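Each chain, letter by letter, is given below.
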Amino acid sequence: MLSNPVVISIVVLLALSLLRVNVVIALVISALTAGLCGGLGLGKTIEAFTGGLGGGAEVAMNYAMLGAFAIAISKSGITDLLAYKIITRMNKTPTGKNLAWFKYTLLSILLLFAISSQNLLPVHIAFIPIVVPPLLSIFNRLKIDRRAVACIITFGLTATYMILPVGFGKIFIESVLVKNINLAGASLGLQTSVGEVSFAMLIPVIGMILGLLTAVFVTYRKPREYVVTTAEPTTTEIEQHIANIKPIQITASAVAIVATFATQLFTSSTIIGGLVGLIIFGVFGIFKLKESNDIFQQGLRLMAMIGFVMIAASGFANVINTTSGVKELVDALSTGAIQSKGVAAFLMLLVGLLITMGIGSSFSTVPIITSIYVPLCLSFGFSPLATVAIVGVAAALGDAGSPASDSTLGPTSGLNIDGKHDHIWDSVVPTFIHYNIPLLAFGWIAAMTL
């Protein structure tokens, strides 16, 4: 297992990331490592990497359009008005317990945004560059540790689709988990349902809830001050700016946001949704047609890093899939060398973690592991519910805490607008500790008790 190209490349990726090497560079080096260790040779490794880059192009375009849409919203003034209203409310709030209540109410609302982005309004991370940046000044005033905020958003993005069969959860549970488990278990007498999957994932999600509570109320509870390098506007300047915001601007923002989300739900395309929003802002005169180039360029600067990371991650995943490393990892569990039921459950979860961190998608991990995991679980005497829990948790592990996952890149895109939030140490490491470790532990408990 230690000589497997997937394992080696993931270790290299994590080591370089922790050393603060740029994530894109770390992904390229890790892809080369995987290809060379997997016997592809330099030429085929480069070919596989470049061949996989196109898989991330659509995601990168999505982020670019989201960035432009976020810039247009900020030009409308609605985000400034929202921040002003909250700050005004905060200034009227006494210190002590009432201020703490205000702080946790704000964080709870942000959690609800994240949860709703997976089901009620399945826009995934599209809400982050719109909602989070205007709140940063408020977080600074409240001295909120942004690592706690990253953990809150990532929880809403990941735990939600694991247990609620609505929106993205419907895709993960019904179209991916149930479909593949039933396919692999058809000849073995194992069939499951959406309700059973949600029930089986309850114990692992409880582990994530404990991780979230630990992050918010223990690990990152203490106040943290962020040094502001740019001069903040005075109260008079802010009030004057707010007074200049016209009702038409608020109307344009409301119409654009509703139209963008509705279009995205109807077309399943963030690109088309963002385009509709930009057109509405242009029609309402929020920006002139000749300014559209500047709007898009600012949007690119806002989201370019995420786009490039996702493109590089797609190339890395293609190299991983081209090598025989993933198959060898899964096949190694069925050699018969493992005799302990508990050890088998832990290793299956651990292999799932490595595969998901390498591929970058829990949705893509399920089809890879089910063909081996389902018969293997049944051979060890795991119940159908335990089998479902092992497969589901093995797939979900690594979504949070991965340098190239949008579950960590999304929060970073909103929290690092002012350059005060490091992607690896402030998003990746906190979410890995507070979610992947509990998922491993509670996933194992589910496997042994269900």
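Up top you'll find the structure we're talking about.
Every residue gets a number counted from 1 within its own chain, in the order that chain's sequence is written. Restriction of local features to residues with pLDDT of at least 70 applies here, the model being predicted, together with a cutoff of 80 or more for giving and counting side-chain atom pairs; totals for whole chains, interfaces and linings are based on all residues. Where side-chain values are given, they derive from all heavy atoms of the structure, hydrogens and water being excluded.

Q: Please set out the overall build of the protein chain residue by residue, giving values where relevant.
A: Here a helix means four or more residues in a row that DSSP labels H or I, a strand means two or more in a row labelled E, and each is numbered from the N terminus. On a plain count of helices and strands, the protein chain comes out with 22 helices and zero strands. Remark: exposure states derive from per-residue accessible area (1.4 Å probe, protein chains only) relative to the maximum for the residue type, with buried under 20%, exposed over 50%, and partly exposed in between. Classification of the 450 residues of the protein chain by burial places 52% in the buried group. Contacts spanning at least 24 positions in sequence make up 80% of the contacts within the protein chain whose residues lie at least 6 apart. Here the protein chain has roughly 19,200 Å² of accessible surface; of this, 66% comes from carbon and sulfur atoms. The contact criterion used throughout is that any non-hydrogen atoms of two residues lie within 4.5 Å. Residue-level accessible areas treat just the shown protein chains as cover; the underlying method is Shrake-Rupley with a 1.4 Å probe.

Q: Talk me through the packing of helix H9 (residues 146-163) against helix H21 (residues 406-415); I want residue IDs and the actual numbers.
A: One way to put it is that H9 packs onto H21 with a least axis distance of 9 Å and a crossing angle of 135°. By the angle class used here, H9 and H21 are oblique. Judged by the twist between their axes, the crossing of H9 over H21 is right-handed. Of the residues in H21, those in contact with Arg146, Val149, Ala150, Ile153, Thr154, Leu157 and Thr158 of H9 are Asp406, Ser407, Pro411 and Leu415. Lines are fitted to the C-alpha atoms to define the axes, a helix being fitted only along its stretch in contact, and any angle between axes, read from their N-to-C directions, falls within 0 to 180 degrees. Note on angle classes: values under 35 degrees are labelled roughly parallel, values over 145 roughly antiparallel, values of 65 to 115 roughly perpendicular, and the remainder oblique. Note: crossing handedness is left-handed where the near helix turns anticlockwise from the far helix by less than a right angle, and right-handed where it turns clockwise.

Q: Tell me about the nonpolar core, and name the residues and values.
A: One broad rule of soluble globular proteins: the nonpolar side chains tend to lie buried together. Side-chain atoms within 4.5 Å link the members of a nonpolar core, which is a set of buried Ala, Val, Leu, Ile, Met, Phe, Trp, Tyr and Cys residues. Counting 108 residues, the largest nonpolar core has Leu27, Phe139, Tyr373 and Phe382 as its most contacted members. With near-sequence residues (within four places) excluded, Leu27 lies in contact with Leu13, Val309, Ala312, Ala313, Phe316 and Ala404. Judged by nonpolar contacts, the second largest core, of 17 residues, contains Ile71, Ala72, Ala252 and Ala259.

Q: Let's hear about the environment of Phe69: which residues, and what values?
A: Within the secondary structure, Phe69 is located in helix H4 (residues 57-76). The spacing of Phe69 and Ile279 is 210 residues in sequence and 9.8 Å in space, taken between C-alpha atoms. For Phe69, the residues in contact, after removing those within four places along its chain, are Ile130, Ala256, Ile257, Thr260, Gly274, Gly277, Leu278 and Phe281.

Q: Please set out helix H15 (residues 270-283) residue by residue, giving values where relevant.
A: Residue pairs spaced three or four apart in an α-helix point in one direction, given the helix's 3.6 residues per turn. The length a helix should cover is 1.5 Å for every residue beyond the first. A rise of 1.5 Å per residue sets the reference length of H15, with its 14 residues, at 20 Å; its end C-alpha atoms lie 20 Å apart and thus fit the reference within 8%. Those residues of H15 lying buried are Thr270, Gly273, Gly274, Gly277, Leu278, Ile280 and Phe281. Down the axis of H15, the smallest arc covering the buried residues is 160°, so these residues share one side. Following H15 by one or two positions, Gly285 has its phi on the positive side, about 80°. Think of it as the arc spanned by the lines of direction from the helix axis to the C-beta atoms.

Q: Give a detailed account of the side chain of Ser198, specifying residues and quantitative values.
A: On the secondary structure map, Ser198 appears in helix H11 (residues 194-200). Accessibility expressed as a relative area gives 14% for Ser198, which makes it buried. Discounting chain neighbours no more than four positions away, the residues touching Ser198 are Ile163, Pro165 and Ile173.

Q: Describe the packing of helix H12 (residues 202-219) against helix H22 (residues 423-449), with residues and values.
A: H22 packs onto H12 with a crossing angle of 150° between their chain directions and a minimal axis gap of 7 Å. Here H12 lies roughly antiparallel to H22, going by the angle between them. Helix-helix and strand crossings are classified by hand; for H12 and H22 the assignment is right-handed. For the pair H12 and H22, contact is made by Ile203, Pro204, Ile206, Gly207, Met208, Leu210, Gly211, Leu212, Thr214, Ala215 and Thr219 and by His434, Tyr435, Pro438, Leu439, Phe442, Gly443, Ile445, Ala446 and Thr449, respectively. Taken together, the residues of the contact of H12 with H22 break down into 13 nonpolar, seven polar and no charged. In the scheme used here, Gly and all other residues not listed as nonpolar or charged are polar, with Ala, Val, Leu, Ile, Met, Phe, Trp, Tyr, Cys and Pro taken as nonpolar and Asp, Glu, Lys and Arg as charged.

Q: For the pattern of salt bridges, give the residues involved together with the corresponding values.
A: Salt-bridge detection follows one rule: a side-chain nitrogen of Lys or Arg within 4 Å of a carboxyl oxygen of Asp or Glu. Counted according to the given criterion, the structure contains six salt bridges. Note that Asp145 and Arg224 form a salt bridge whose closest N and O atoms lie 3.4 Å from each other. Here Asp145, found in the loop between helix H8 (136-142) and H9, pairs with Arg224, found in the loop between H12 and helix H13 (235-243); they are 79 residues apart in sequence, far enough to count as distant. For Arg224, a relative accessible area of 25% translates into the label partly exposed. What you see here is one network of salt bridges that share partners, running through Asp145, Arg147, Arg224 and Asp426.

Q: Any chance you could break down the environment of Ile152 for me, citing the residues and the numbers?
A: In this fold, Ile152 is placed in helix H9. Each C-alpha atom of the pair Ile152 and Leu112 lies 9.5 Å from the other, and the pair is 40 residues apart in sequence.

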